[in-house]
Amino acid sequence: MKGTADQPLRLAGSKIAICGVLMLHLCNWRLAPTDRKICGRKMIDPAHALAFSVFENRGVYALLLGSGLSRAAQIPTGWDITMDLTRRVAALEGVTGETDWEAWHQSRFGEPPSYSKLLDRLSSTAAERRSILHSYIEPSAEDLESGARQPTKAHHAIARMVRDGYIRVLITTNFDRLIENALREAGVEPTVIKSEDDLAGAIPLAHARCFVLKVHGDYLDTRLLNTDSELDQYGETQNRLLDRIFDEHGLIVCGWSGDWDAALRGAIARAPSRRYPVYWASRGVPSAIAQDLINNRRAQLIAIEDADSFFFGLQQSLETLETAARPNPLTADLLVGTAKRFLAKNECRIQLADLVIAEVARARRLSDERGLATGGHYTNEEFVNWVSICENVHEVLCRIGYAMGRWGSENEFNLARDVLRTLSRVVGRGRTVFWSELMTYPASLFFTAFALGLTKSRQFGSLHKWFHAYVPRESRNEREALVVLFGEMWSQNSSDQWNSFFSPQKRRTPYNDHIIEILKSWLSLDFLDDNEFEINFEFVELLAGVADLCLHHGKGDLSLYLSNQFSGGNCVRSAIGRVGWHSANQEILLDRLTEGETASMLLVAGFADGDREFLDLIRTNFMRLIQLLR
């Protein structure tokens, strides 16, 4: 391989070297012969560097996809269509049986066949051109039965990468809908832009989970771009969008020759930024036009066998890296199992403390290595990546924390409190209130996991004490854990960034919804079923809401609010959790709060200051608050 592909990448050498070896042995990425030769040299293969870069920069890369992507689906490329149109023109002139239609066209018209010129000669309007192309793209009944003209392995691999948050922006010159179909099969509803008119009412690029820009249009739309004159320039709005994409994203090119699309070449060439690299996957040697663009962008050239093997290999490598970034399941289960065995024997409390301290040290070390202590103005993709890494780093510690709450005693409570104070004592703080609060996310996970364990074992006295344990806050006085890790974190629900996990849906409590899903994935085996876990989680939130309300309002104060003697309304607005909107569990949880044995245990534990009338007032307040939230 020549040119820039032979230059060593200026990336984290040791990490990429490990990544390359890992992928070579575990993923068996099928590379073209030239790449296999490169792999034998003492350098990092561009395909492996690409996988590592996509993994470490989730959502940063855009894909540029051409007709080569759909080749395996038996949808013809532009050249295939050109040859078929040449054959059909010849048939009109009574010529059949030629073996070289390119030579026939050269002989008949004095020039090589041109896709653009042939369409121009055979049709005069975009609608006519759409009709011609329809037969090449729309699957017939036979195609559907044989699997032809359906999403390929490459389409499905891309869809999985989008689903997992690695890719958000796709630019395609293809008229077909294979990529959209694959995305929907993967559970992703894309924002599809097929003309400048679509841009006017589209979701902004920054908020779209998946943004598909079909620069040449869609085969079922009459506003197709096909001929040289149509492909020579785009409209002003589309040019601005392309300029933004190419300036703010890295680029992975596959299946696109670059020969026919002057406006698209111009948009890539004029992009001022080189902050993220360009990778160009090519079967064979790129054309002279494509090579000029590769040189202009200093792109890394990756020789591939086909789009299917390239994208499938990339997606599999990302899965391998994702697995490597998580705690080894066997190791994690072993550590949690060891903690449970220590909890069963009082004489093992020293060993348990050593295990927990070592896990805290491991989590802090990994947090430092992966830059988790740095907040700032992050994009939605960087935010999702930050949260995912944070969860991977602290999973084992939170699972042990739940076990300590479920099976532990006073000794384990004190140990858990020390862990909570350590996790709350963050060194780096974000430059915004949102990020400053988010820096305590690991402490919030541990706080909730331990509280779940206490609630499961009905240790409500310890739970009340846990809520009121003091934790440090930078440059401010210490506060109760429930204020910092429940009340203040409740405000995270007002941020659109937590909805990035659920896009395009808009959740009422996206922060709480995400936490319950994460903890369920870690702790589900400790509960009879998902419903039991959900009820316990929401009861923890409800009890935290009770404790938080009591911190700020006494019985007399709340009674005045409920009698509508304040201008703020007839109830106190407070953090309440998912029960505020989740009607399925509202009655069950409110009854549990104020009736029967559990209510008596809560009062003995100190909730509502041990006053049943106060507890009843709190229930009334929550019921009115729920009405307001509907």
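Above this text sits the structure in question.
Read on for an overview of the structure. Small disclaimer: the values here were computed from a predicted structure and weren't measured. Here the residue numbers are simple positions, counted from 1 along each chain's written sequence. pLDDT decides what is reported in this predicted model: residues at 70 or higher carry local features, side-chain atom pairs at 80 or more are listed and counted, and totals for whole chains, interfaces and linings draw on all residues regardless. To get the side-chain values, all heavy atoms of the structure are used, and hydrogens and water are removed first.

## Quick look at the sheet that holds strand 2 (residues 167-172)
- Any two strands between which DSSP finds at least two bridges are classified as paired. Helix and strand definitions here come from DSSP, where helices need a minimum of 4 consecutive H or I residues and strands a minimum of 2 consecutive E residues; each element is numbered from the N-terminal end. Across the sheet, seven strands lie side by side as 3-4-2-1-5-6-7; this open sheet has parallel pairing. Each end of this open sheet is capped by a strand with a single partner; those strands are strand 3 (191-193) and strand 7 (300-303). In this sheet, adjacent strand axes meet at a mean angle of 20 degrees when their direction is disregarded.
- Relative to the sheet, helix 13 (residues 236-248) contacts strand 1 (61-65), strand 2, strand 4 (211-214) and strand 5 (250-254), its axis offset from that of strand 4 by approximately 130 degrees. A fitted line through C-alpha atoms serves as each axis, taken over the contacting stretch for helices, and the angle formed by two N-to-C directions is quoted from 0 to 180°. Note on contacts: a residue pair qualifies if any of its non-hydrogen atoms lie within 4.5 Å across the two residues.

## Some words on the pattern of salt bridges
- A carboxyl oxygen of Asp or Glu within 4 Å of a side-chain nitrogen of Lys or Arg is what we treat as a salt bridge. Considering all chains together, one arrives at 28 salt bridges under this definition.
- Linking Glu189 and Arg184 is a salt bridge whose minimum nitrogen-to-oxygen distance equals 3.2 Å.
- With a closest N to O distance of 2.9 Å, Glu236 and Arg240 form a salt bridge. Here Glu236 pairs with Arg240, and both are found in helix 13, just four residues apart, close to one helical turn.
- Linked by salt bridges that have partners in common, Arg507, Asp513, Glu534, Glu538 and Arg578 make up one network.

## Here we look at the packing of aromatic side chains
- Aromatic pairs are defined between Phe, Tyr and Trp rings, using the six-membered ring for Trp, whenever the two ring centres lie within 6.5 Å; interplanar angles under 30 degrees are classed as stacked, those over 60 as edge-to-face, and all others as tilted. Inspection of every chain in the model, using the stated rule, returns 21 aromatic pairs.
- Pairing Trp101 with Trp104 gives two aromatic rings, centres 6.1 Å apart and planes at 75 degrees, and the pair type is edge-to-face. Of this pair, Trp101 and Trp104 both sit in helix 5 (residues 101-109), three residues apart, which is roughly one turn of that helix.
- Looking at Trp101, the relative accessible area reads 14%, which means it is buried.
- Exposure is judged per residue with a 1.4 Å probe applied to protein chains only, and the accessible area is read against the type maximum: over 50% gives exposed, under 20% gives buried, and values in between give partly exposed. Taking relative accessible area as the criterion, Trp104 reaches 10% and is therefore assigned buried.
- Centroid distance Phe527 to Phe533: 5.1 Å. Interplanar angle 90 degrees. Geometry classified as edge-to-face.
- Using a relative accessible area of 1% as the deciding quantity, one classes Phe533 as buried.
- Here a set of aromatic residues connected by ring pairs shows up, and it is made of Phe413, Phe446, Phe447, Phe450, Trp466, Phe467 and Phe607.
- A ring has a charge above it when a Lys NZ or an Arg CZ is no more than 6 Å from the ring centre and no more than 35 degrees off the ring normal. Positioned above the aromatic ring of Tyr166, the side-chain terminus of Arg58 is 4.4 Å from the ring centre.
- The ring of Phe539 carries Arg592 above its face, with NZ or CZ at 5.2 Å from the centroid.

## As for the pairing of strand 4
- The two faces of strand 4 match: Phe211 and Leu213 on one face and Val212 and Lys214 on the other face are all buried.
- Pairing geometry for strand 2 and strand 4, over four bridges, is parallel. In the strand pairing of strand 4, Val169 is matched with Phe211.
- As defined by bridge partners, strand 3 adjoins strand 4 across three bridges and the pair is classed as parallel.

## Regarding the packing of helix 28 (residues 583-594) against helix 30 (residues 612-629)
- In contact at an axis separation of 9 Å, helix 28 and helix 30 are set at 165 degrees when each is read in the N-to-C sense. Taken as axis vectors, helix 28 and helix 30 run roughly antiparallel relative to one another. Viewed along their axes, helix 28 and helix 30 form a crossing whose handedness is right-handed. Residue-level contacts link Gln586, Leu590, Asp591, Leu593 and Thr594 of helix 28 to Arg612, Leu615, Asp616, Arg619, Phe622, Met623 and Ile626 of helix 30.
- Only Asp, Glu, Lys and Arg are considered charged, only Ala, Val, Leu, Ile, Met, Phe, Trp, Tyr, Cys and Pro nonpolar, and every remaining residue, Gly among them, polar. By residue class, the composition of the contact of helix 28 with helix 30 is six nonpolar, two polar and four charged. For classification, angles of less than 35 degrees are called roughly parallel, those exceeding 145 degrees roughly antiparallel, those between 65 and 115 degrees roughly perpendicular, and all remaining angles oblique. Should the near helix be turned counterclockwise from the far one by less than a right angle, the crossing is left-handed, whereas a clockwise turn marks it as right-handed.

## Considering the nonpolar core
- With 95 residues, the main nonpolar core has Tyr441, Trp466, Phe467 and Phe607 as its most contacted residues.
- If you look at the next biggest cluster of nonpolar residues, it comprises 37 residues, including Ala49, Ala51, Leu65 and Ile179. Think of a nonpolar core as a cluster: buried Ala, Val, Leu, Ile, Met, Phe, Trp, Tyr and Cys residues, connected wherever their side-chain atoms sit within 4.5 Å.

## Things to note about helix 26 (residues 530-552)
- To estimate how far a helix should reach, multiply one less than its number of residues by 1.5 Å. The end-to-end C-alpha distance of helix 26, which contains 23 residues, comes to 33 Å, matching closely the 33 Å that a straight helix rising 1.5 Å per residue would cover.
- In terms of burial, helix 26 is largely enclosed, as 19 of its 23 residues are buried.
- N-capping of helix 26 is provided by Asp529, with a side-chain oxygen placed 3.1 Å from the backbone N of Asn531. Identification of polar contacts relies on pairs of N or O atoms within 3.5 Å, with a donor-acceptor requirement for protein atoms, meaning one able to donate a hydrogen and the other able to accept it, and with residues adjacent in sequence counted only if both atoms are side-chain atoms.

## As for unusual backbone geometry
- For Arg298, which is not glycine, the phi dihedral falls at a positive 50 degrees.
- Overall, the relative accessible area of 55% leaves Arg298 in the exposed class.
- Its identity as a non-glycine residue notwithstanding, Arg458 has a phi of 60 degrees, on the positive side.
- Along the chain, the position of Arg458 falls in the loop between helix 22 (441-456) and helix 23 (460-467).

## What about the side chain of Ser317?
- In this structure, Ser317 sits in helix 16 (residues 307-325).
- Residue Ser317 is classed as buried on the basis of its relative accessible area, which comes to 0%.
- Engagement of the side chain of Ser317 in a polar contact is seen with the backbone oxygen of Gly313, the distance being 2.9 Å.

## Overview of the pairing of strand 1
- The buried count for strand 1 comes to five of five residues, which makes it a mostly enclosed element.
- Both faces of strand 1 are covered, namely the face carrying Tyr61, Leu63 and Leu65 and the face carrying Ala62 and Leu64.
- Where strand 1 lies against strand 2, five bridges are found, and the strand directions are parallel. What sits directly across from Tyr61, in strand 2, is Ile167.
- Taken together, the five bridges between strand 1 and strand 5 define a ladder with parallel strand orientation. Counterpart to Tyr61 in the pairing with strand 5 is Gly250.

## A short note on the packing of helix 22 against helix 24 (residues 481-490)
- Axis separation between helix 22 and helix 24 bottoms out at 10 Å; the angle between their running directions is 110 degrees. Comparing their axes, helix 24 and helix 22 come out roughly perpendicular. Counted together, Tyr441, Ala443, Ser444 and Phe447 of helix 22 and Ala481, Leu482, Leu485, Phe486 and Met489 of helix 24 form the full contact between these two elements.
- Residue classes in the contact of helix 22 with helix 24 are distributed as eight nonpolar, one polar and no charged.

## A closer look at the side chain of Thr598
- Here Thr598 lies in helix 29 (residues 596-605).
- Setting aside chain neighbours within four positions, we find Thr598 in contact with Arg458, Phe460, Phe539 and Arg592.

## Comments concerning helix 5
- Within helix 5, the full set of buried residues consists of Trp101, Trp104 and His105. Buried positions in helix 5, seen along its axis, are confined to an arc of 100 degrees and lie on one side of it.
- Of the residues that open helix 5, the one with a side-chain oxygen 3.2 Å from the backbone nitrogen of Glu102 is Asp100.
- A positive backbone phi angle near 75 degrees is found at Gly110, which sits one or two residues after helix 5. Think of it as the arc spanned by the lines of direction from the helix axis to the C-beta atoms.

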